Amino acid sequence: MSDEPLFVRIRRDGAAADIDPSESGVSGSADALIAAIRAAVEDRDDPTAADRAWSRAGALHDPEVLDQALAAVAPSLGVPILAGLRRRRLRDSARIALQTTHSLDTLCLVSAVLGAVGAREDAAALEIVAVHPNVTLHGATALANLSHWEGRAALLRLLSRVDGAERVLVIDCLLPFVREGAVRLALVRDAFTGLDEPHASAIAPAVVDTLDLAAWLDEPRTSEDLREAARRILTLAGRTADGA
């Protein structure tokens, strides 16, 4: 096992980084996870103690309690100044953990934390880790949760950097943003390029249900390559241009 932090290995080797997923899939209570995250923030000026606290939090990482924990440690309501201070301290601690942890579970956890409290400058680091298949779910979801447009821009770039089940995850994260022209265009023109048929067929119905591809076909200004792409997505979804 390499002594390098996971972030360093993924930044260098991308999806090919050798990361053992065997230790992931642990679980814990929301209260225990909240306590561990708060301890990591309180110890933020002591790198060794903060690292131990984030490792404990990672070992308690359970998707079923994650949302509850984030709501407790990253409040969006209350006294604005105090809430802002807590969020900033949490963000700063999570940023350090993202780039220094050796634990896959902790990397996934702090990615989710940065999705909740991060800023535009966190998009680049989240995009780096989201390339790895063991982190794509948490990384892409975090990018979708960032309020700044750079989160969506990173997701659009990920479309050409991941494949298979990971591409499906990225497409799913982009679907809520179809009001944005760049997202609509990418979902039709780029998202299915090179994607194997089983995965393409699995996500195509969701794209068809979200986008009015029939309107693309009826629009005279639609280029022929986009028409062809729209027809393929409809075919993959088992639909026709009239919605049948």
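Below you will find a few notes about this structure. Keep in mind it's a predicted model, so treat the numbers as computed, not measured. (Residues numbered from 1 in each chain as written. Predicted model: local features only at pLDDT ≥ 70, side-chain atom pairs only at ≥ 80, totals over all residues. Heavy atoms only, no water.)

Re the overall build of the chain
Link 1 in the chain: When you go through the chain residue by residue, the secondary structure sums to 14 helices and zero strands.
Link 2 in the chain: In the chain, the succession of α and β elements from N to C terminus is α-α-α-α-α-α-α-α-α-α-α-α-α-α.
Link 3 in the chain: Its C-alpha atoms give the chain a radius of gyration of 20 Å, near enough to 18 Å, the size a compact globule of 244 residues would have.
Link 4 in the chain: Based on the C-alpha atoms only, the size of the chain along its principal axes is roughly 60 × 45 × 30 Å.
Link 5 in the chain: Taking all 244 residues of the chain together, the buried fraction comes to 47%.
Link 6 in the chain: Partitioning the intrachain contacts of the chain with sequence separation of at least 6 by distance along the chain shows that 67% fall at a separation of at least 24.
Link 7 in the chain: In the form shown here, the chain has an accessible surface area of approximately 11,900 Å², with 52% of it arising from carbon and sulfur atoms.
Link 8 in the chain: Looking at the chain, you have 26 positive and 36 negative side-chain charges, and the mean spots of the two groups are 7 Å apart. (Helix = DSSP H or I, 4+ residues; strand = E, 2+ residues; numbered from the N terminus. Rg over C-alpha atoms; globule rule 2.2 N^0.38 Å. Buried < 20%, exposed > 50% of the residue type's maximum accessible area, 1.4 Å probe, protein only. Contact = heavy atoms within 4.5 Å. Areas by Shrake-Rupley, 256 points an atom, 1.4 Å probe, with all protein chains shown as cover. Lys, Arg positive; Asp, Glu negative; His and termini not counted. Charge placed at Lys NZ, Arg CZ, Asp CG, Glu CD.)

Thoughts on the pattern of salt bridges
Link 1 in the chain: All chains considered together, the criterion is met by 14 salt bridges.
Link 2 in the chain: The partner of Glu-121 in a salt bridge is Arg-95, with the nearest N and O atoms 3.3 Å apart. Residue Glu-121 is found in the loop between α6 (104-117) and α7 (123-130), and its partner Arg-95 is found in helix α5 (residues 80-100); the two are separated by 26 residues along the sequence.
Link 3 in the chain: Residue class for Arg-95 comes out partly exposed when judged on its relative accessible area of 22%.
Link 4 in the chain: Glu-127 is the salt-bridge partner of Arg-157, the closest N and O atoms lying 2.8 Å from each other. With Arg-157 in helix α9 (residues 149-158) and Glu-127 in helix α7, this residue pair connects regions lying 30 residues apart in the sequence. (Salt bridge = Lys/Arg side-chain N within 4 Å of Asp/Glu carboxyl O.)

Geometry only, nothing functional implied.
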